[in-house]
Structures are given as C-alpha cells and as structure tokens.
Amino acid sequence: ICIFFFGANESFPTEFFKTKRRLSWVPKLKQAFEFSKKHQLISLHRLFEKFMEFEDNDPLIAEKVQDVEKIFSSIYSQCHSKEARFIAVLQPLLHTRAPLTKSDEASFYYFPKTRFNDRLFLFEKFENALKSQNFFFDGRKIFNQTNLDVYLDWVHTNYQGNKIIADYFYSIIQQKFLNN
C-alpha cells in the first residue's frame with residue numbers, strides 16, 4: 001500500500017522563495033526534487049517540478065492541478081498493475097483546523113493565515129480536482145474532532161497528532177482494502 005500524504009511540501013508559494021535569508025527547508029526541497037529525479041521517480045519528479053513555485057493568480061494554476069491529477073492517476077495505474085494499492089491524502093494544516101485550541105491560536109502569531117492563503121487556495125483546487133477519484137482522501141479536517149494540541153508548528157505534529165494521522169490512514173486502509 002502506497003500512501004502519498006501530500007500538500008505542504010509539494011506547494012511552495014513564490015513568496016517563500018523571495019527571502020534574502022537562507023531557509024533550511026529550501027535545500028531540503030531541492031534535495032527531494034533531485035532524489036526523485038535521480039531514482040527515476042518520474043511521477044514524483046514531475047509533481048515537484050509543477051509546484052515548486054506558484055501563485056494563486058497564476059494563469060496556469062488550473063493546468064498545473066490537472067497535471068497533478070494525471071500524475072496521481074498514472075501512479076494509481078502503476079501501483080494497480082503491480083498489485084499495490086495507492087492512496088493520496090491531502091494533509092491537514094494548522095489553518096485548516098476548526099475550532100482552534102488556545103495553543104493553535106498562539107501559533108497564529110508565528111504562522112499567520114495570510115502567509116498561507118496561496119497554499120490554502122491550492123488545497124481547494126486539489127480537493128475540487130481529485131474528489132471524484134477513488135484513491136483521494138481529504139484529511140484536512142481530521143483534527144476537528146479533538147481539542148488536543150497536536151501541532152508543533154503550522155504543519156508538523158506531535159505524538160498525539162501522529163497517532164490521529166496513523167489512525168486515519170488505518171481507517172482508510174480498512175475501509176478500502178481490508179473489508180472487501
């Protein structure tokens with residue numbers, strides 16, 4: 001079973017690259033891009049290539065999202081032909097959770113929603129394009145059922161958040177594959 005937990009690392013708004021200071025995650029993104037290229041992970045390579053930079057007013061955003069849909073469909077077909085299962089899960093962010101905990105509200109000082117509006121816009125485009133695909137699951141609301149503090153920052157989770165995500169994955173696997 002191949003679970004592609006996607007959203008945050010695949011989409012870096014252009015403004016994130018317009019800083020003069022060196023950010024630790026920019027080299028990591030480039031490493032991931034080069035790793036996918038080096039190991040002939042062509043589908044993932046194309047995914048990073050499409051969304052390393054974007055803006056919500058980009059006239060090609062619809063085309064980029066359609067390309068991601070084609071890439072996921074291709075990965076789904078490749079997995080199916082090799083008797084593997086493919087699931088794409090759109091990940092939750094601090095800004096997709098409601099209601100917020102007091103800890104979440106405090107995090108907004110460091111990670112204000114306005115910095116993430118482009119990414120949230122893109123998440124909506126992903127959801128609209130992929131919702132009819134049987135391999136797609138929207139995980140953005142998985143923390144809405146709890147008042148636990150699960151975030152370490154805007155996207156990374158602590159052990160409680162990791163457990164909720166793992167349980168969510170297991171529920172998808174059970175629903176899609178184990179009950180049939």
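Residues numbered from 1 in each chain as written. Predicted model: local features only at pLDDT ≥ 70, side-chain atom pairs only at ≥ 80, totals over all residues. Heavy atoms only, no water.

1. Points about the sheet that holds strand 1 (residues 2–6)
- Taken together, three strands build an open sheet; the order of strands is 1-2-3 and the sheet is parallel. Only two strands of the sheet have a single partner each, and these edge strands are strand 1 and strand 3 (136–138). When strand polarity is set aside, the average angle formed by the axes of neighbouring strands in this sheet is 20°.
- Sheet analysis places strand 1 next to strand 2 (residues 86–90), joined by five bridges and oriented parallel. Bridge pairing in strand 2 links Phe4 to Ala88.
- Contacting strand 1, strand 2 and strand 3, helix 6 (residues 159–178) runs over the sheet at an angle of about 140° to strand 2. (Pairing = 2+ DSSP bridges. Helix = DSSP H or I, 4+ residues; strand = E, 2+ residues; numbered from the N terminus. Axes fitted to C-alpha atoms, helices over the stretch in contact; angles between N-to-C directions. Contact = heavy atoms within 4.5 Å.)

2. A short note on the packing of helix 3 (residues 61–81) against helix 5 (residues 117–130)
- Interhelical geometry of helix 3 versus helix 5 gives an angle of 50° and a closest axis separation of 10 Å. For the element pair helix 3 / helix 5, the angle class is oblique. Considering how the two elements wind past one another, helix 3 and helix 5 form a crossing that is right-handed. Here helix 3 contributes Ile61, Val65, Val68, Glu69 and Phe72 to the contact with helix 5, which in turn contributes Phe121, Leu122, Lys125, Phe126, Ala129 and Leu130. (Parallel < 35°, antiparallel > 145°, perpendicular 65-115°, else oblique. Left-handed = near helix turned anticlockwise from the far one by under 90°.)

3. Some thoughts on the side chain of Asn158
- Looking at the secondary structure, you find Asn158 in the loop between strand 3 and helix 6.
- You can call Asn158 buried: its relative accessible area is 16%.
- Engagement of the side chain of Asn158 in a polar contact is seen with the backbone oxygen of Asp149, the distance being 2.8 Å.
- Engagement of the side chain of Asn158 in a polar contact is seen with the backbone nitrogen of Gly161, the distance being 3.0 Å.
- Setting aside anything within four residues of it in sequence, one finds Asn158 in contact with Asp149, Val150 and Leu152. (Buried < 20%, exposed > 50% of the residue type's maximum accessible area, 1.4 Å probe, protein only. Polar contact = N/O pair within 3.5 Å; in protein donor to acceptor, adjacent residues only side chain to side chain.)

4. Comments concerning the nonpolar core
- Judged by nonpolar contacts, the single largest core of 40 residues is most densely connected at Phe6, Phe72, Phe86, Phe126 and Trp154.
- Counting residues per element, the ones that place at least two in this core are strand 1, helix 3, strand 2, helix 5, strand 3 and helix 6.
- Once residues lying within four places of it in the same chain are set aside, the contact partners of Phe6 are Phe72, Ala88, Val89, Leu90, Gln91, Phe126, Leu130 and Phe136. (Core = buried A, V, L, I, M, F, W, Y, C linked by side-chain atoms within 4.5 Å.)

5. So, the confidence of the model for the protein
- Chain-level pLDDT for the protein is 79 on average; 72% of the residues reach the 70-or-more range.
- Model confidence for the protein, summarised as mean pLDDT per element, is weakest for helix 1 (residues 25–38) at 56 and strongest for strand 3 at 96.
- Low pLDDT, under 50, characterises residues 19–25; the stretch is placed with four contacts to residues that sit more than four places away or in other chains. (pLDDT = per-residue confidence, 0-100.)

6. Examining the pairing of strand 2
- Most of strand 2 is tucked away, with five of its five residues classed as buried.
- Of the two faces of strand 2, the one holding Phe86, Ala88 and Leu90 and the one holding Ile87 and Val89 are both buried throughout.
- Of the strand pairs in this sheet, strand 2 and strand 3 are connected by three bridges, and their pairing is parallel. Counterpart to Leu90 in the pairing with strand 3 is Asp138.

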